[in-house]
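Now for the letters of each chain:
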Amino acid sequence: MAKYYAESHEWIELDGDTAALGISQYAADALGDITYVEIPAPGKTVAAGDILCTVESVKAVSDVYAPVAGTVGEGNSGLEADPGALNVDPENTWICKLEGVKQDSLDGLMDADAYAKFIETL
Amino acid sequence: MDETLLKTPLADEHAAIGARMVPFAGWYMPVQYKEGILAEHKYTREHVSLFDICHMGEFTAAGPGVAEALDAALARSVADQKDGVCRYNFLLNESGGVIDDLIVYRMDAEEFFIVVNAARIAVDFAELRKRLPVSVRLDNLSETAAKFDLQGPDSVAVLTSLGLDAASLPKYYHWGRFRLFGLDMLISRTGYTGELGFELYFDASHTVEVWRKLLACPGVKPAGLGARDTLRLEMGYPLYGDEMDESTTPVEAGFGALLKLDKSDRTFVGSAALRSNPPKKHLRGIVLEGRRAAHTGTPLLYNGAQVGTITSGTFAPSLGCAVAMAYLDASADIPEDAVFDVELHRAAVKAKLAPLPFWTHGTANPKV
């Protein structure tokens, strides 16, 4: 499955037209200990760049943006009780699914190599 | 990094062990180390952590008449403070507002050691100098005295492992002189975490060496200002700048009983204003629904109207929910079981009053 990153540090992993969405290791490290993850409500339609949900750490509050347009699907409800899981393995811990994602909406996103180069510039 | 920030002698040591550095009160300080704020918080509650607190200020005031002069300069009585005792105190302006909250150590009949907030060193020194007679010598030791906090239930075991006799260690809010690592140290049983712990003062030329030696003790881990803040908030301890400032009185901050305004005719700078002006607000503990923190300045709404303001808040790691401190307007009629509305970033949550401290299992001064 192909994984893509946004400059706002979210990743999506696409399976057909459904994307699992999470935040990058870089984002999780920058936030520090995550204490709260808002799980977006299923059924909500989002455009690329819309605020999807909010993630909060002991010292910071950060919005998670939708890297692509889609409809919010299943949420990872385990993060409500254990938001720290997002620090432990952010690259493999999805927050929610986005459904109806169009292939041609991936153009502005980066693959893992490009994202690694991008964060070196920050 | 901002070039105007001050560095404690440990800036390089912090960097070497993976600290994340942030500006705090004009200083470049570690907010956390590699394990993170939650782990450092928990470790302090359960074991023992070492905090670099070198940014804070220390003065000595000594000479004939110093006790009487400090008694008139500060809000709590100093004259009746015994040698060896530490006392939490306040430097007030004429309106009763808090210029600083500080801890006064009585060294002997004519000498006191005063510990002040980092951001207030210059203001406090100038103000105290004005208030003390020329017979009293006031020295600012802030640049030559190092301060470390060793906090947590295992702190006694650490000090005894270094050769100090457990029975000789100071009692709660007392201090003593000790030799540690061959150095003279002033050690008090005080702290800002709610746990059994000590504050160590010594010659700043040995800061790096003492830091390394204490961190080399089995079980001692470093903790940063992030954990210091979550620990103090769970105890309901005020932070100067958040809960107190020059427009806030210690009565409003919940320390009225310490001042004994009704039980004595003691006068001090600010006493006339405190005796004649009723408090405009009261500092209270707030527990929020859920884990999201409310930050400084967030309004507290009751039946749609603002009745107070959050002064500081955090997710409370030991409690698993968000807590805050807030000033409630004295004029607002608020029942103890009131449910408040608090607007957070992209969310609205409910909140209730809660007794302080939030964390009631602290080991700092266990009641037998």
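What you are looking at is a predicted structure, and each value in this text was computed from that prediction instead of being measured.

Calculation notes
Residues numbered from 1 in each chain as written. Chains lettered and ligands numbered in written order. Predicted model: local features only at pLDDT ≥ 70, side-chain atom pairs only at ≥ 80, totals over all residues. Contact = placed C-beta atoms within 7 Å. Helix = DSSP H or I, 4+ residues; strand = E, 2+ residues; numbered from the N terminus. Nonpolar A, V, L, I, M, F, W, Y, C, P; charged D, E, K, R; others polar. Domains from an automatic or database assignment. Pairing = 2+ DSSP bridges. Axes fitted to C-alpha atoms, helices over the stretch in contact; angles between N-to-C directions. Parallel < 35°, antiparallel > 145°, perpendicular 65-115°, else oblique. Left-handed = near helix turned anticlockwise from the far one by under 90°.

Q: Help me out: how do you make sense of the interface of chain A and chain B in this one?
A: When the parts of a complex come together, some accessible area is lost, and that lost area is often taken as the interface size. Residue-level contacts link 9 residues of chain A with 14 residues of chain B. For the side of chain A that touches chain B, the secondary-structure elements that each account for two or more residues are β4 (34-37) and β6 (51-57) of chain A. Considered class by class, the residues forming the side of chain A that touches chain B number 3 nonpolar, 3 polar and 3 charged.

Q: I tried to follow the domain arrangement of chain B on my own but got confused; where do I start?
A: Residue and element names in this part refer to chain B. Domain assignment breaks chain B into domain 1 (6-54 + 143-234), domain 2 (58-140) and domain 3 (281-354). Each of domain 1 and domain 3 has a C-alpha centre, and these two points are 31 Å apart. With 8 residues of domain 1 at the contact, the number on the domain 3 side is 7 residues. Contributions of two or more residues to the side of domain 1 that touches domain 3 are made by α2 (37-46) and α7 (225-234). Classifying every residue of the side of domain 1 that touches domain 3 by side-chain character gives 2 nonpolar, 2 polar and 4 charged.

Q: What should I look at first to understand the sheet that holds strand β11 (residues 175-180) of chain B in this one?
A: Working definition: the strands of a sheet are paired by backbone hydrogen bonds and lie parallel or antiparallel to each other. All names here are of chain B. An order of β11-β12-β13-β10-β4-β14 is seen for the 6 strands of this open sheet, with the pairing classed as mixed. Single-partner strands in this sheet number two, and they are β11 and β14 (221-222). For strand β12 (residues 183-188) and strand β13 (residues 197-203), the ladder comprises 3 bridges, and the chain directions are antiparallel. Its bridge partner lying in β13, Ile187 is registered against Leu200.

Q: What is the right way to read the packing of α2 of chain B against α7 of chain B from this model?
A: Axis angle and axis distance: for two packed helices, these are the angle between their axes and the distance between the axes, and together they describe the pair. Residues and elements named next belong to chain B. At a closest axis distance of 8 Å, the pairing of α2 and α7 adopts a crossing angle of 55 degrees. The angle between α2 and α7 falls in the class oblique. The two elements α2 and α7 meet at a crossing, and its hand is right-handed. For the pair α2 and α7, contact is made by Ile37, Glu40, His41 and Thr44 and by Gly226, Ala227, Thr230 and Leu231, respectively. For the contact of α2 with α7, the residue count by class is 3 nonpolar, 4 polar and 1 charged.

Q: How should the pairing of strand β7 (residues 61-65) of chain A be read in this particular structure?
A: Across a regular strand the side chains alternate sides, sitting on one face of the sheet and then on the other. Residue and element names in this part refer to chain A. Looking at chain direction, β6 and β7 are connected through 5 bridges and run antiparallel. Bridging across to β7, Ile51 finds its partner in Tyr65. Between β6 and β7, which pair antiparallel one after the other, the connecting turn spans 3 residues.

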